[in-house]
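Overview (structure and organization)
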Amino acid sequence: MSNLYQLYAFVTAMGWADSLSERWPDAPLVGGYRVLVFTNADYPLLKEQYPTAEFKELAVEQTINAMNANELGPFVCSLEQTKQIMNHFAPPEQLTQE
């Protein structure tokens, strides 16, 4: 039995609204992109279901640069990469005591 793990894909908000919002209705918005969650087992099936999509697997900085340039995804990332990208666009608020 293979090990299942989650993958994440950043897709443009427009692309999400056009064809992905029913499948991923609760996808959070980060830096103008929606974050989709799926498993490594689903990945090959998604590539078949969306043959015109160019699935990109880039380093964190490359993904951030591509998102800043409003490039089309989907940008597929691991959990750790996704955390770094999300923190870049929405840094965790620092706790302050008054």
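For the structure given in this document, a descriptive report is provided here.

So, how was this worked out
- Residues numbered from 1 in each chain as written.
- Predicted model: local features only at pLDDT ≥ 70, side-chain atom pairs only at ≥ 80, totals over all residues.
- Heavy atoms only, no water.
- Buried < 20%, exposed > 50% of the residue type's maximum accessible area, 1.4 Å probe, protein only.
- Helix = DSSP H or I, 4+ residues; strand = E, 2+ residues; numbered from the N terminus.
- Pairing = 2+ DSSP bridges.

What follows is about the pairing of strand 3 (residues 33–39). Of all 7 residues making up strand 3, 5 are buried, and the element is well covered by its neighbours. Here strand 1 (residues 6–12) runs beside strand 3; their pairing, made up of 7 bridges, is antiparallel. Each residue of the ladder has a partner; that of Phe10, found in strand 3, is Val35. Judged from the 2 bridges that link them, strand 2 (residues 29–30) and strand 3 form a sheet pairing that is antiparallel. Bridging across to strand 3, Leu29 finds its partner in Arg34.

Moving on to unusual backbone geometry. Residue Pro74 follows Gly73 across a cis peptide bond; omega there is 5°. Examined against the element boundaries, Pro74 turns out to sit in the loop between helix 3 (60–68) and strand 4 (75–77). Residues other than glycine seldom take positive phi values, yet Asn70 does so here, at roughly 60°. In this structure Asn70 comes out as exposed when scored by relative accessible area, which is 60%.

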